[in-house]
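Results of the structural survey
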Amino acid sequence: MSDVVCSAKGCHAAAVWVLAWNNPKIHTPERRKTWLACEEHREHLSQFLGVRGFLKDVVLLREWESPEQDG
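An account of the accompanying structure is given in this report. (Residues numbered from 1 in each chain as written. Predicted model: local features only at pLDDT ≥ 70, side-chain atom pairs only at ≥ 80, totals over all residues. Heavy atoms only, no water.)

Overview of the overall build of the chain
The helix and strand inventory of the chain stands at 1 helix and 3 strands. Counting helices and strands in the order they occur from the N terminus, the chain gives β-β-α-β. For the chain, the proportion of its 71 residues judged to be buried stands at 31%. (Helix = DSSP H or I, 4+ residues; strand = E, 2+ residues; numbered from the N terminus. Buried < 20%, exposed > 50% of the residue type's maximum accessible area, 1.4 Å probe, protein only.)

Here it is in structure tokens:
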């Protein structure tokens, strides 16, 4: 999975975490969008989503099983 990189702007580090989120104003409750995060950016990205009420789950990439929906 070396081609899976962090979603933080300008970061090219390998992703370790999946941040599953949902914007309730535009997504159905069961829909999950995803951002990927390296160790350095996990907390920052989680806070960004969390303060907006979007963050639903943070899971290690190796343990993530993508839902059938697009992410």
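Still to come is the rest of the account.
Focus: the nonpolar core
Ranked by size, the top nonpolar core spans 12 residues in total: Cys 6, Ala 8, Cys 11, Trp 17, Leu 19, Trp 21, Ala 37, Cys 38, Leu 45, Leu 49, Phe 54 and Leu 60. When residues of this core are traced back to their parent elements, those giving at least two are strand E1 (17–21) and helix H1 (42–51). The biggest single contributor to this core is E1, with 3 residues. The residues touching Trp 21, leaving out its near neighbours within four places in the chain, are His 27, Arg 31, Arg 32, Lys 33, Thr 34, Trp 35, Leu 49, Phe 54, Leu 55 and Lys 56. (Core = buried A, V, L, I, M, F, W, Y, C linked by side-chain atoms within 4.5 Å. Contact = heavy atoms within 4.5 Å.)

A closer look at the packing of aromatic side chains
Going through the model one piece at a time under the given rule, you end up with 3 aromatic pairs. For the ring pair Trp 21 and Phe 54, a centre distance of 6.1 Å and an interplane angle of 20° mean the geometry is stacked. Of the two residues, Trp 21 is situated in strand E1 and Phe 54 in the loop between H1 and strand E3 (55–60); the sequence distance between them amounts to 33 residues. Take Trp 21 and Phe 54: they sit in the same class, and that class is buried. Among the aromatic residues, ring-to-ring pairing joins Trp 21, Trp 35, Phe 48 and Phe 54 into one connected group. Above the ring of Trp 17, the side-chain terminus of Arg 42 is found at 5.2 Å from the ring centroid. Here Arg 52 stacks its cationic end above the ring of Phe 48, 3.6 Å away from the centre of that ring. (Phe/Tyr/Trp six-rings, centres within 6.5 Å; stacked < 30°, edge-to-face > 60°. Lys NZ or Arg CZ within 6 Å of the ring centre and 35° of its normal.)

Some remarks on the side chain of Asn 22
Its place among the elements puts Asn 22 in the loop between E1 and strand E2 (33–37). Engagement of the side chain of Asn 22 in a polar contact is seen with the backbone oxygen of Thr 28, the distance being 2.7 Å. For Asn 22, the side chain forms a polar contact with the main-chain oxygen of Arg 31, separated by 2.8 Å. When residues no more than four places from it in sequence are discounted, the contact partners of Asn 22 are His 27, Thr 28, Pro 29, Arg 31, Arg 32, Gly 53, Phe 54 and Lys 56. (Polar contact = N/O pair within 3.5 Å; in protein donor to acceptor, adjacent residues only side chain to side chain.)

The analysis is restricted to geometry; functional conclusions fall outside its scope.
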